[in-house]
Every structure is written in C-alpha cells, then in structure tokens.
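Topology and contacts: notes
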Amino acid sequence: MRLPVFHALILSASLGLLASFVLAQDAPKRQLDPQGAKGQASIAREHHPWGRFEPGAWKLVHVVTETLDEKGEVASTSTTETKTTLVKVEKDGVTLKVEVSVKVAGKVFDAEPQTVKQGFHGELIGEQLKIKEAGKGEVTIEQRKIPCQVLRLENSGSTSNTVTNLYYSAQVAPHILRRESVTTDLDGDTILSETTVNVVTLNAQCEGFDQMQLIRVEEIHKHPKGTVTTTALTSPNLPGGIIQQKSEELDENGRAIRHITLEMVKYGLEEESERTGILSFFGRNKRTGTARKPPKRTER
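Residues numbered from 1 in each chain as written. Predicted model: local features only at pLDDT ≥ 70, side-chain atom pairs only at ≥ 80, totals over all residues. Heavy atoms only, no water.

A look at the overall build of the protein
- Counting secondary structure elements, the protein contains one helix and 14 strands.
- When each of the 300 residues of the protein is scored for burial, the buried share is 49%.
- A sequence separation of at least 24 residues applies to 51% of the contacts in the protein between residues at least 6 apart.
- Total accessible area computed for the protein in this model is approximately 15,400 Å², and 47% of it derives from carbon and sulfur atoms. (Helix = DSSP H or I, 4+ residues; strand = E, 2+ residues; numbered from the N terminus. Buried < 20%, exposed > 50% of the residue type's maximum accessible area, 1.4 Å probe, protein only. Contact = heavy atoms within 4.5 Å. Areas by Shrake-Rupley, 256 points an atom, 1.4 Å probe, with all protein chains shown as cover.)

What follows is the structure, encoded as structure tokens:
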C-alpha cells in the first residue's frame, strides 16, 4: 500500500503550496522583506498558511479519492486522513510533521510520520531557489483591478527548471493574488507542466464559519497527460488554511479519470494535551470519538 500513502504525503505538501499565497489577511500591510533568509526579497512568515501560527498548531483533514473507469463510473475509492503539526518556524521556513493513514477496501494502512521543511514561498527547504523583483503587474478580482508587484522565483532541479511569478499587493489582502508557474526540461525546450492559481473571491461565505474571513481560490494544473482543476475554500484563521477542496483530473482526451474531495475535520492552535492519534474517522480511536465534519459549503 505504498502508493496511496505516498500520494497522501504529496497531497499534504501540495495543500500548503496552494494556500501559501492567499493567507495573509491579518498580516501587517508592508512591502516584501528585501533581506529574506538569504539576502533575497522574500515573503514574510505571516504570509504562509503555517508560518503565522505558533509551534504546536495542528490540523486534521479527510480526503476521498475516486478513480473512474472509461464509462465515468467509480472503479475504486481510497480514503486518507492526514494530520499535520507545526513543529517549528525559522527564518527561512517551517517544519511540519505529517501523519498519514489510508483506508482502502476496508483495510487501514499507517505510514511512518514524515517531517517536511517548507519555505515561505511553498518550496521545499534545500531547493536552489532564486528570488527577484520583476516589475509591476495587475490582477482583476470580481471586476476590481488591483496593482501588484511581481516577484519571480526560479527553481533549478536535477531534471527540470521552474519559473514562478507571484503577484503581490501590500494593500489588498490576501496580498499574493495570483501565482503562475511553468516547469520545463533543463534545456527549456519542452514544457513539462503549467500551473495557474487565482484568488477569485475575497469575501466568500460558508455555513459554520461566519466569524472567519474566507477566500475562494482556483487552480489549473496542466501537464502532457492531462489537466487537474481545483477549487478551494481557505481561511487565514486556520493552520494550513484550507477548509474544503475539490479536484477533478482529466486525461489528455478530456475524460475525467479522478475526483478528489478534501474536508477539514478539526484543528488546534496549540499542541494537543493528550496524544490520541489521528484515526478518528476510521473508528480506531475511542477516546477521541467522531470528529465533527465541516458543514456543506454554501458560498454566496
């Protein structure tokens, strides 16, 4: 059962990447930090969905993945529960502990806890990242045109290069309003993937979260074998940000092959006083009981 567990770990990391540029509503209205961790222009810690919280903050999410057959019917289903805990916040990023449990065909499989170090731009610590200011830009949200400063990130790997443009506003929360990424081969001749993430609603609403500021985000990820479209509801008041998320994956012919639905189960702003594990949804934790499932989203 390595494959579902592996995908769960990757999903957990990607959730932080999706939310990392939309969660600074309560951050001070200031420009980019011109120094950063390595003397480069950098996003401040409070602009990261985990960086703005104190160590010990945690979040539990429930993910259902449906794989579809050629007729569009569900061929298989896997259920994943992932608990992410903020271990520490440093000058260059955060350290997260990720605990994953996967349920397939009635059987539950636990992965060994993993530690992930992530920079404030969503990159994994250790990656060769170059950051520079790239002029002025503009983002339109709900017919409102917002001037932005563009920050360019260049990440060189062993087999590919990724260039990302962040559209940043010091005046309008959530401050990073658009993210564009293109990954090519080392020669730059072949595009391996393209990802665009947009803030589409600055003041979304959802039953059960009336006291929180909510933001709706859309992501389109294209690669040679297909496209993944994702819609997420996020809040700066929650560790990790994302409350609900839905994704649909299409193959190169436009046929739906996978649906993924994520819902937050519960969260905490400090370390749990009793270490009771993460398996509340799978019924193996009698002391924790059944965690409240978030209400159905009713955005208006």
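Now that the structure has been shown, the text picks up again.
Some thoughts on the pairing of strand β12 (residues 226-234)
- For β12, the buried fraction is high: seven of the nine residues fall into the buried class.
- Alignment of strand β11 (residues 214-223) against β12, held across nine bridges, turns out to be antiparallel. When the bridges of β12 are listed, K222 appears paired with T227.
- Hairpin connection between β11 and β12: a loop of two residues separates the two successive antiparallel strands.
- Inspection of the sheet shows β12 paired to strand β13 (residues 242-251) by nine bridges, in the antiparallel sense. Opposite G226, over in β13, you have D251 as the bridge partner. (Pairing = 2+ DSSP bridges.)

Things to note about the nonpolar core
- Counting residues in hydrophobic clusters, the biggest one holds 13 residues, and the most contacted among them are V139, I141, I146, C148 and L177.
- Residue assignment for this core shows that the elements contributing at least two residues are β6 (128-141), β7 (144-156), β10 (191-204) and β11.
- Apart from the residues lying within four places of it in its own chain, the contact partners of I146 are G137, E138, V139, I141, S169, V172 and L177.
- Counting nine residues, the second-largest nonpolar core is a separate cluster that includes C206, F209, I243 and M264. (Core = buried A, V, L, I, M, F, W, Y, C linked by side-chain atoms within 4.5 Å.)

A short note on unusual backbone geometry
- Backbone geometry places E142, a non-glycine residue, at a positive phi of 50 degrees.
- Looking at the element boundaries, E142 is found in the loop between β6 and β7.
- Accessibility expressed as a relative area gives 52% for E142, which makes it exposed.
- One non-glycine residue with positive phi stands out, namely Q143, at about 70 degrees.
- Mapped onto the elements of the fold, Q143 is located in the loop between β6 and β7.
- Residue Q143 is classed as exposed on the basis of its relative accessible area of 80%.

As for the packing of aromatic side chains
- All told, the structure shown has zero aromatic pairs when counted by the stated rule.
- Residue placement shows R52 over the ring face of F53; its charged tip is 5.4 Å from the ring centre.
- The cationic tip of K83 hangs over the ring face of W58; the distance from NZ or CZ to the ring centre is 5.0 Å. (Phe/Tyr/Trp six-rings, centres within 6.5 Å; stacked < 30°, edge-to-face > 60°. Lys NZ or Arg CZ within 6 Å of the ring centre and 35° of its normal.)

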